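Close look at the chain arrangement
Chain by chain, the residues:
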Amino acid sequence: MLKDKVCIVTGGAQGIGRCTVETFATEGAAKIFACDMNLDAMSDYKDRFSNIEAVELNVCDRDAIHAFIEKIKQEHGKIDVLVNNAGVTRDNLLDRMSEKDWDMVIDVNLKGVFNMTQAVSPVMIANGSGSIVTMSSVVGTDGNIGQTNYAATKAGVIAMTKSWAKEFSRKGAQVRANCVAPGFIKTPMTKDLPEKVISYMESKTPLGHMGEAEDIAQGVLFLASDRARFITGQVLKIDGGLVI
Ligand SMILES: NC(=O)c1ccc[n+]([C@@H]2O[C@H](COP(=O)([O-])OP(=O)(O)OC[C@H]3O[C@@H](n4cnc5c(N)ncnc54)[C@H](O)[C@@H]3O)[C@@H](O)[C@H]2O)c1
């Protein structure tokens, strides 16, 4: 589904990002740049896939991002797909949430998406096509106790995405922007949640269980691919029916 495509996936070391990187690789992408702060955790890619390149990149580091995008422009002349997946949580009830934890989550989940998209979108617009898929969350559409900072970022990326869907398609460019909003997915991010929280969320989910990273990667793949060529400005919820 991604033949000849040059792709960037942030947060590509583990969880949903890793599954997305490997799905893109098996779907025939020409090149996938798996970007993460944790380079060591991506050391297996080069032995297993010839089309994945692991890149140490912090989505908060604007200078590093611009240098990286310049390098891709010179090597490939285009970027077809950007998946803004890197994300963090620093959960707490509002009255206990520190300014540091607020700032940290905003910096990575919201400004990191701004940084990456601002650097990549001109390359897509100049080429006349591209697909940007950003990881939101059902917490961004419906809120959650203890996630004021995280919810703000996941709602924010939806608003940014809808703005980009309108902005990037001016002058006829087929540059699409969409979000995926996962429900509760088994990844390192959720592995330390208390058992009672997991059972409660599963009981609220019509399909009765947590999702797998693969469930999300398949939605990202579809939106990234040309099969979704008339879809822009949308939020695809993949949550087992948790939020209907
Ligand atoms: N797991 C879930 O239930 C769930 C639900 C809804 C949304 N999401 C979203 O999906 C995305 C992936 O989640 P996950 O569960 O795979 O998380 P994860 O914690 O397993 O993986 C996140 C990856 O992002 C990387 N990362 C963190 N900060 C970074 C930075 N500044 N620059 C570059 N990389 C950075 C981490 O090193 C890690 O490899 C996140 O945006 C998350 O908010 C997850």
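The structure displayed is predicted, hence computed values, not measured ones.

Counting its secondary structure elements, the chain contains 8 helices and 9 strands. Against the globule reference of 18 Å for 244 residues, the chain gives a C-alpha radius of gyration of 17 Å, in line with a compact fold. When the backbone C-alpha atoms are referred to their principal axes, the chain occupies close to 50 × 40 × 35 Å. Evaluated residue by residue, the chain yields a buried proportion of 44% over its 244 residues.

What follows concerns the nonpolar core. In terms of nonpolar packing, the biggest core is built from 67 residues, with Ile32 and Ala34 touching the most fellow members. Examining the composition of this core, we find that 8 residues originate from one element, helix H4 (residues 99-127), more than from any other. With residues up to four places along the chain from it excluded, the contact list for Ala34 reads Val9, Gly12, Val21, Met42, Tyr45, Ile52, Ala54 and Val55.

A word on H4. For H4, spanning 29 residues, the distance from its first C-alpha to its last is 41 Å, which sits close to the expected 42 Å at 1.5 Å a residue. Remark: the principal bend of H4, roughly 40°, maps to Lys111. Positive backbone phi, approximately 85°, marks Gly128, located one or two places after H4.

Turning next to the sheet that holds strand S6 (residues 174-182). Here 7 strands make up an open sheet; going across it, the order is S3-S2-S1-S4-S5-S6-S9 and the pairing parallel. In the strand order of this sheet, the two ends are held by strand S3 (52-56) and strand S9 (235-238), each with one partner. Neighbouring strand axes in the sheet, compared pairwise and without regard to direction, differ in orientation by 20° on average. Note that S6 and S9 share 4 bridges and pair parallel.

Let us now look at the site of the ligand. Around the ligand there are 29 residues in total, and Gly11, Gly15, Gly87, Thr187 and Met189 lie nearest to it. Only helix H1 (15-26) and H4 provide two or more residues apiece to the shell around the ligand. No other element matches the 3 residues that H1 contributes to the shell around the ligand. Partitioning the shell around the ligand into residue classes produces 15 nonpolar, 13 polar and 1 charged.

Turning to the packing of H1 against helix H8 (residues 213-224), a few remarks are in order. Relative orientation and spacing of two packed helices are given, respectively, by the angle between their axes and the distance between those axes. Between H1 and H8, the least distance of the axes is 8 Å, while the angle of their chain directions is 55°. As the angle between them shows, H1 and H8 are arranged oblique. For H1 against H8, the interelement crossing comes out right-handed. The residues of H8 that touch H1, namely those facing Gly15, Ile16, Cys19, Thr20, Thr23 and Phe24, are Ala213, Glu214, Ile216, Ala217, Val220 and Leu221. Classifying every residue of the contact of H1 with H8 gives 8 nonpolar, 3 polar and 1 charged.

Right, let's talk about H1 for a bit. For H1, which comprises 12 residues, the first-to-last C-alpha distance of 17 Å matches the rise-based estimate of 16 Å (1.5 Å per residue) to within 8%. With respect to burial, H1 is a largely interior element, 11 of its 12 residues being buried. For H1, the full list of buried residues reads Gly15, Ile16, Gly17, Arg18, Cys19, Thr20, Val21, Glu22, Thr23, Phe24 and Ala25. Residue Gly28 follows H1 closely and has a positive phi angle near 85°.

Definitions and cut-offs
- Residues numbered from 1 in each chain as written.
- Predicted model: local features only at pLDDT ≥ 70, side-chain atom pairs only at ≥ 80, totals over all residues.
- Helix = DSSP H or I, 4+ residues; strand = E, 2+ residues; numbered from the N terminus.
- Rg over C-alpha atoms; globule rule 2.2 N^0.38 Å.
- Buried ≥ 20, exposed ≤ 12 C-beta atoms within 10 Å, placed from the backbone.
- Core = buried A, V, L, I, M, F, W, Y, C linked by C-beta atoms within 7 Å.
- Contact = placed C-beta atoms within 7 Å.
- Expected span 1.5 Å × (residues − 1).
- Bend = angle between axes of the 7 residues up to and from the residue.
- Pairing = 2+ DSSP bridges.
- Axes fitted to C-alpha atoms, helices over the stretch in contact; angles between N-to-C directions.
- Near = placed C-beta within 6 Å.
- Nonpolar A, V, L, I, M, F, W, Y, C, P; charged D, E, K, R; others polar.
- Parallel < 35°, antiparallel > 145°, perpendicular 65-115°, else oblique.
- Left-handed = near helix turned anticlockwise from the far one by under 90°.

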